Amino acid sequence: LAQVGLFLLSLRGAAQHYLTVRTCLAVMVVVAPAVPHKPGSWRVIYFDAPNRGEQVRLLFALANTPFEDVRVSPHPQGLDPYKKAAMGDESPLLGTDKCPAVTAPDGTHCVETSEIMRFVGVRVGLAPDAGSSADAKAMQQCLLAQSLMNQVFYPLLKPMVVQHILRTELAGSLRCLTGTLGGNQGPEPAAFLAETLPTLEAAIDGPYFLGANMCYAEVSVFAVLRECLDYECFDEAALLTQYPKLAALMADLEAKAASWIDQRVARHQFGLRRTTELFAASFTPFPWSRKKK
C-alpha cells in the first residue's frame, strides 16, 4: 500500500509539473494576427470553445445568416491582437478586452453577451420590438441564461473535467486524487439550477417565451442550459420531467440546432460531443490521451 501511495503521489507531481510547463509554453505560442472585418459581412470573435460565445454562433446558424467565425487561440493570449493595447480605438472589444464580440455588416461593434444576442436578434429577425414589454421579457430570460453560465456551468467545468480524467485514465486508479486536484464540487451550482428551472418554466407562454415566435432568448437558454445539464452530476431527464414546457422547448431547439451541433463537433471538437470530454482531451496531462488541432 505504501508503494501504491508513493506511485500515485509521483503521478500527481508529474501531472502538476506538466501543467506548469504547458502553461509556460502557452505564453511562448505565436498568436495569429487579428482577422480584419470584411465590410458587408458579420464577424464573431470568441475562443475556440463551445462556451459563452456559442450561443451567438448558434443564433446566426438558426437564423440562416452567414458569419465569419473567428476562433481565437490559445486562451487567453489569442484575444490579445484585438485588445485596446494592440488596436487602440479600433478595437472591436470596445475597451472591455473581453469576448464574445460581434461586428455587423456596417462595421458596428457590439460586446457583452446579452447585448450581442439582442443586437444580432434585431437584425436577423429573431427579436421583439425594441422597448416593448416582450423586449424586456426576452432580455430577462437571456440574462438568466448568462447567470446559469456564471453560477452553474463555469463553477462545475474544472471539477467535471478533473473527474473525467481521473475516472478514465489508468483504469480509474487515480480517483483518490479527486479532491487534491480540484475535482470536488460544491452544492451551490446545483442549488442555483434548482432555483432557476421553475423560473424558466413559468416564463414560457406557449412553445416559446413570447408565444408562437422564437427569439434570441430561447437560443441563449437552450445553448447554456444544454451545456449545464450535460454534466454527469445532473440527471437531465429526471430534472426536465418536472418542467414539461421547458422540456418541450429544449427538445424543439435540439432538433433545430442538430445540424449546427453536428458540424461543430466534427470540425472543432475531435468528434467529442461533451464539453467535459473536449476539455479533458485538450488539457489532460497524460500525453497518450491528448488531442491537438
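Keep in mind that this is a model prediction, so the values were computed, not measured.

Note that strand 1 (residues 43-47) and strand 2 (residues 68-72) share five bridges and pair parallel. Within strand 2, the position partnered with Ile 45 by the bridge is Val 70. Following the backbone out of strand 1, through helix 2 (residues 54-62) and into the adjacent parallel strand 2, one traces a crossover that is right-handed.

Moving on: the nonpolar core. Ranked by internal contacts, the top residues of the largest apolar core, which has 72 residues, are Val 120, Leu 225 and Leu 246. Looking at this core, the elements that each hand over two or more residues are helix 2, helix 4 (113-124), helix 5 (133-168), helix 6 (188-203), helix 7 (216-229), helix 9 (244-268) and helix 10 (275-283). Of the residues forming this core, the biggest block, 16 residues, is contributed by helix 5. Grouped together as the second largest cluster of nonpolar side chains are 11 residues, Ile 45, Tyr 46, Val 72 and Cys 99 included.

Moving on, we come to the pairing of strand 1. Within strand 1, five of the five residues are buried, which leaves the element mostly enclosed by the surrounding structure. The pairing of strand 1 with strand 3 (residues 101-103) spans three bridges and is antiparallel. Across the sheet, residue Arg 43 finds its bridge partner in strand 3, namely Thr 103.

Our next topic: the confidence of the model for the protein. Confidence in the prediction for the protein averages 91 pLDDT; 89% of positions are at 70 or higher. Of the regions scoring below 50 in pLDDT, residues 1-9 engages in four contacts with residues more than four places distant in sequence or in other chains.

Let us now look at the pattern of salt bridges. One pass over the structure, following the stated rule, counts 18 salt bridges. Of the charged contacts, one joins Glu 115 and Arg 118 as a salt bridge, the two residues approaching to 3.5 Å between their closest N and O atoms. Pair noted here: Glu 115 and Arg 118 are both in helix 4, with a separation of three residues, about one helical turn. A residue is classified by how much of its surface remains accessible, and Arg 118, at 23% relative accessible area, is partly exposed. Through salt bridges with shared partners, a single network forms among Asp 48, Glu 54, Arg 57, Asp 69, Arg 71, Glu 227, Arg 264 and Lys 293.

Using the criterion set out here, one finds two cavities of 30 Å³ or more in the structure. By volume, the largest cavity amounts to about 90 Å³. If you trace the largest cavity, you find it lined by Pro 50, Asn 51, Glu 54, Leu 58, Met 149, Phe 222, Ala 223, Arg 226, Glu 227, Trp 260, Ile 261 and Arg 264. Of all the secondary-structure elements, those providing two or more residues to the lining of the largest cavity are helix 2, helix 7 and helix 9. Per-class residue counts for the lining of the largest cavity are seven nonpolar, one polar and four charged. Taken as a whole, the second largest cavity encloses approximately 30 Å³ of empty space. Contributing to the lining of the second largest cavity are Glu 227, Asp 230, Tyr 231, Arg 274, Thr 275 and Thr 276. Of the residues that constitute the lining of the second largest cavity, the class distribution is one nonpolar, two polar and three charged.

Analysis parameters
Sequence order sets the numbering: in each chain, residues are counted from 1 along the sequence as written. Given that this is a predicted model, residues contribute local features only at a pLDDT of at least 70 and side-chain atom pairs are listed and counted only at 80 or more, while totals for whole chains, interfaces and linings are drawn from all residues. Excluding hydrogens and water, the side-chain figures rest on all heavy atoms present in the structure. Two strands make a pair as long as DSSP finds a minimum of two bridges between them. Segments assigned H or I by DSSP are reported as helices when at least four residues long, segments assigned E as strands when at least two residues long, and all are numbered from the N terminus. Note on handedness: a crossover is taken as right-handed if, strands pointing away from the viewer, the path from the first strand over the helix to the second is clockwise. What is meant by a nonpolar core is a set of buried Ala, Val, Leu, Ile, Met, Phe, Trp, Tyr and Cys residues, joined one to another through side-chain atoms within 4.5 Å. Using a 1.4 Å probe on the protein chains alone, a residue whose accessible area is under 20% of its type maximum counts as buried, one over 50% counts as exposed, and one in between counts as partly exposed. Every residue gets a pLDDT, meaning the predictor's confidence in that residue, from 0 to 100. Contacts were defined at the residue level, with two residues in contact if any of their heavy atoms lie within 4.5 Å. Within this document, salt bridges are pairs made up of a side-chain nitrogen of Lys or Arg and a carboxyl oxygen of Asp or Glu, the two lying within 4 Å of each other. Using a grid of 1 Å spacing that covers the protein atoms alone, one calls a set of points a cavity when a 1.4 Å probe fits there but cannot get out, and a pocket when the set is open and has protein on both sides within 12 Å along at least five of seven lines; lining residues are those with an atom within 4 Å of a point. Grid points are joined across faces, edges and corners, and a volume is the space filled by probe spheres set on the points. Just so you know the grouping, Ala, Val, Leu, Ile, Met, Phe, Trp, Tyr, Cys and Pro go in nonpolar, Asp, Glu, Lys and Arg go in charged, and all remaining residues, Gly too, go in polar.

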